[in-house]
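So the chains spell out like this:
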Amino acid sequence: MIEFHQVSKQYPGGNQALANVSFTIGDGELVYLSGPSGAGKSTLLKMIAGVEKPSSGRVTVNGQDVGQLNSSGLPYLRRKMGLIFQDQRLLLDRDVLANVMLPLLVTGTARAEADQRARAALDRVGLLNKADAAPQSLSGGEQQRVAVARAIVNRPRIILADEPTANLDKASAARVMSALQAFQSAGITCIIATHDESVLATAPRIISIVGGRLAGLMSGKEITA
Ligand SMILES: Nc1ncnc2c1ncn2[C@@H]1O[C@H](COP(=O)(O)OP(=O)(O)OP(=O)(O)O)[C@@H](O)[C@H]1O
C-alpha cells in the first residue's frame, strides 16, 4: 500500500510543488495521475521512489516511511519498483538486450539469468525480435516499450511511469499503455502520470493534481485536505 499523509513539497528557492496531499493506493491498483504541466505529478512520483523527500507530511510504501530511508535503505525500496522516468533514457552505446539486462547486472544477477529474464521482459512488450538492435534504430514508441521492459525486469511490485506516452503517436501510445496495463492484471501496482485523454476516459481511478493540490478523485477513499 502507498500512503500520502498531508504531504507538502517546497523546492529550495522554488515553488510549492505539492500542498497537503493525502491519498491511499492499494496493492495491485492501476491509478492515473492527471493535471496540467507543472501541477506536481513528477514530484509526487519521485516521492514514492524516494528521489525527493517531503518538506512536511509522510509518504509510506508498505508501512515504511520513504522520507526516513537513508542511502542504504533506499536501494532496497527501489528494487521493488520499476521506474519509467523522463530522465532515464536508454543507453545508446549498447543494444536493446543489454539495456534491459542492466538493472539485473547491477544488482548481482548472473549474466545467463539476466539474459534470459531480459529476453522474457522484451517478449512481454512484444519486442523480443529487437533484442540485438541499437536503441536509436527503434521508433519512439518502441524505445518506450524497451523502457517498460527495463522497468519490469526486476519483477517489481510497483511501477511508476511519468508521461510514458509523451511525444508518441496514437497507435504507439496505445501499445505502450496496454503493455503497462497488462502488469496490473498480474497484481502489480501501477501509477501512471499522463495527459492522454483517451486513457483517462476509461481509467479505473484518477488522482487529479492542480497547482500542487488534489483537485479531483474518481474513486477510492481519499482524504482531501
Ligand atoms: N528540482 C526542482 N527545483 C525547483 N523546482 C522544481 C523542481 N522540480 C520541479 N519543480 C517545480 O515544482 C512544480 C511541480 O513540478 P513537477 O515537475 O512535479 O510537475 P508536473 O506536473 O510533473 O509537470 P509536467 O507535466 O510538465 O511534467 C513546478 O512549479 C516546477 O517548476
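That block above? That's the structure.
Residues numbered from 1 in each chain as written. Predicted model: local features only at pLDDT ≥ 70, side-chain atom pairs only at ≥ 80, totals over all residues.

**Student:** Can you lay out the sheet that holds strand E4 (residues 56-61) for me, pointing to particular residues and giving the numbers?
**Tutor:** Spatially, E2-E1-E4-E5 is the arrangement adopted by the four strands of the open sheet, whose pairing is antiparallel. Looking at the sheet topology across the chains shown, the edges are occupied by strand E2 (16-25) and strand E5 (64-65). In this structure, E4 lies alongside E5, joined through two bridges in antiparallel fashion. Bridging from a neighbouring strand, Thr60 pairs with Asp65 of E5. (Pairing = 2+ DSSP bridges. Helix = DSSP H or I, 4+ residues; strand = E, 2+ residues; numbered from the N terminus.)

**Student:** Explain the environment of Val61 to me, and be specific about the residues and the numbers.
**Tutor:** Position of Val61 among the secondary structure elements: in strand E4. Considered as a pair, Val61 and Met1 are 60 residues apart in the sequence and their alpha carbons are 5.8 Å apart. Not counting residues within four places of it along the chain, the set of residues in contact with Val61 comprises Ile2, Ile48, Val66 and Leu77. (Contact = placed C-beta atoms within 7 Å.)

**Student:** Can you explain the site of the ligand? Please cite residues and give values.
**Tutor:** As a matter of local geometry, the ligand sits amid Tyr11, Gly14, Asn15, Ala17, Gly35, Ser37, Gly38, Ala39, Gly40, Lys41, Ser42 and Thr43. Considering every element that reaches the shell around the ligand, the biggest residue donor is helix H1 (residues 41-48), with three residues. Classifying every residue of the shell around the ligand gives three nonpolar, eight polar and one charged. (Near = placed C-beta within 6 Å. Nonpolar A, V, L, I, M, F, W, Y, C, P; charged D, E, K, R; others polar.)

**Student:** Tell me about helix H6 (residues 170-184), residues and numbers included.
**Tutor:** Relative to the 21 Å expected for 15 residues at 1.5 Å per residue, H6 spans 21 Å between its end C-alpha atoms, a close match to the ideal helical length. Along H6, the residues classified as buried are Ala173, Arg175, Val176, Met177, Ala179, Leu180 and Phe183. Buried-residue contacts for H6 involve helix H5 (140-152), strand E7 (158-162), strand E8 (189-193) and helix H7 (197-201). (Expected span 1.5 Å × (residues − 1). Buried ≥ 20, exposed ≤ 12 C-beta atoms within 10 Å, placed from the backbone.)

**Student:** Could you give an account of helix H3 (residues 96-106), naming the residues involved and the relevant values?
**Tutor:** Regarding H3, the residues found buried are Val96, Leu97, Asn99, Val100, Met101, Pro103 and Leu104. For H3, the elements touching its buried residues are helix H4 (111-124) and H5. Positive phi shows up at Gly108, right after H3, with a value of about 90°.

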